Amino acid sequence: MRSDAQRNRERILQVALAELTRSANTPLSVIAKKAGVGQGTLYRNFPTREDLVLEIYRHEMRQVADSAARLLETREPDRALRAWMDRLALFAMTKAGLADAIRQATGAPGGPAKPGPHPVVEAAELLLRACEEAGTIRPGVTADDLVLAIGGLWQLDPAGDWRPRATRLLDIVMDGLRAGAPGPRDPGGEEPGGAAGAGPARPQP
């Protein structure tokens, strides 16, 4: 895809996300106008309304998933996990705001299926295993465990002041993940007496 075509596509997705979050019934002509493209350009990229709605959802999901590896490159694993959880909270609010549009896009008989959460689950596993390897969370936590633990995010009102509530909820979840963490291992493979902020160490035999 040429760079100008890619910019058009990204701009359409950006505008459509904002407009459809506000109203699931926003006309595509309004989205095209606010994105600064013709309707022909919009329809070349997204032949149907359903295509546009589901691509927004997939795009946002990929953004969250791809951020996991980038965060691990610049932060300690537990701090990367906590920062990623904030991005997941934003994704949850996006999904909640788009809920009506997604239902309309996938609710008709024979309509397209809603994309599964596989990229996000894989990203969660990547972060959890990095934290477990570093000894900064309790062993054995799975991505499914994490998703269940933070399920309250999807109960928050995306139109309200959700950020303080989300921060408090995710801090509580992170404290629970750190509780019982063994702490980092030394090069010889032995566990020290614990790491600051990582929870108590396992007792030595």
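Just above sits the structure.
Residues numbered from 1 in each chain as written. Predicted model: local features only at pLDDT ≥ 70, side-chain atom pairs only at ≥ 80, totals over all residues. Heavy atoms only, no water.

1. A closer look at helix 7 (residues 118-134)
Line of reasoning, step 1. Here helix 7 spans 24 Å end to end across 17 residues, near enough to the 24 Å set by a 1.5 Å rise per residue.
Line of reasoning, step 2. Here helix 7 has its buried residues at Val120, Ala123, Ala124, Leu127, Leu128 and Cys131. Across the axial projection of helix 7, the buried residues extend over an arc of 130 degrees, all falling on one side. In helix 7, the exposed residues that point more than 90 degrees away from the buried face are His118, Glu122 and Glu133.
Line of reasoning, step 3. Two residues or fewer past helix 7, Gly135 is found with a positive phi of approximately 75 degrees. (Helix = DSSP H or I, 4+ residues; strand = E, 2+ residues; numbered from the N terminus. Expected span 1.5 Å × (residues − 1). Buried < 20%, exposed > 50% of the residue type's maximum accessible area, 1.4 Å probe, protein only. Arc of directions from axis to C-beta.)

2. Topic: the pattern of salt bridges
Line of reasoning, step 1. Across all of its chains, the model carries 11 salt bridges by this definition.
Line of reasoning, step 2. The salt bridge partner of Arg58 is Glu55, with a shortest N-O separation of 3.3 Å. Of this pair, Arg58 and Glu55 both sit in helix 4 (residues 49-74), 3 residues apart, which is roughly one turn of that helix.
Line of reasoning, step 3. For the salt bridge of Asp86 with Arg82, the shortest nitrogen-to-oxygen distance reads 2.8 Å. Remark: Arg82 and Asp86 occur in helix 5 (residues 77-97); sequence separation between them is 4 residues, near one turn of the helix.
Line of reasoning, step 4. By relative accessible area, Arg82 is classed as buried at 12%.
Line of reasoning, step 5. Among the charged side chains, a network of salt bridges with common partners joins Arg9, Glu55, Arg58 and Arg62. (Salt bridge = Lys/Arg side-chain N within 4 Å of Asp/Glu carboxyl O.)

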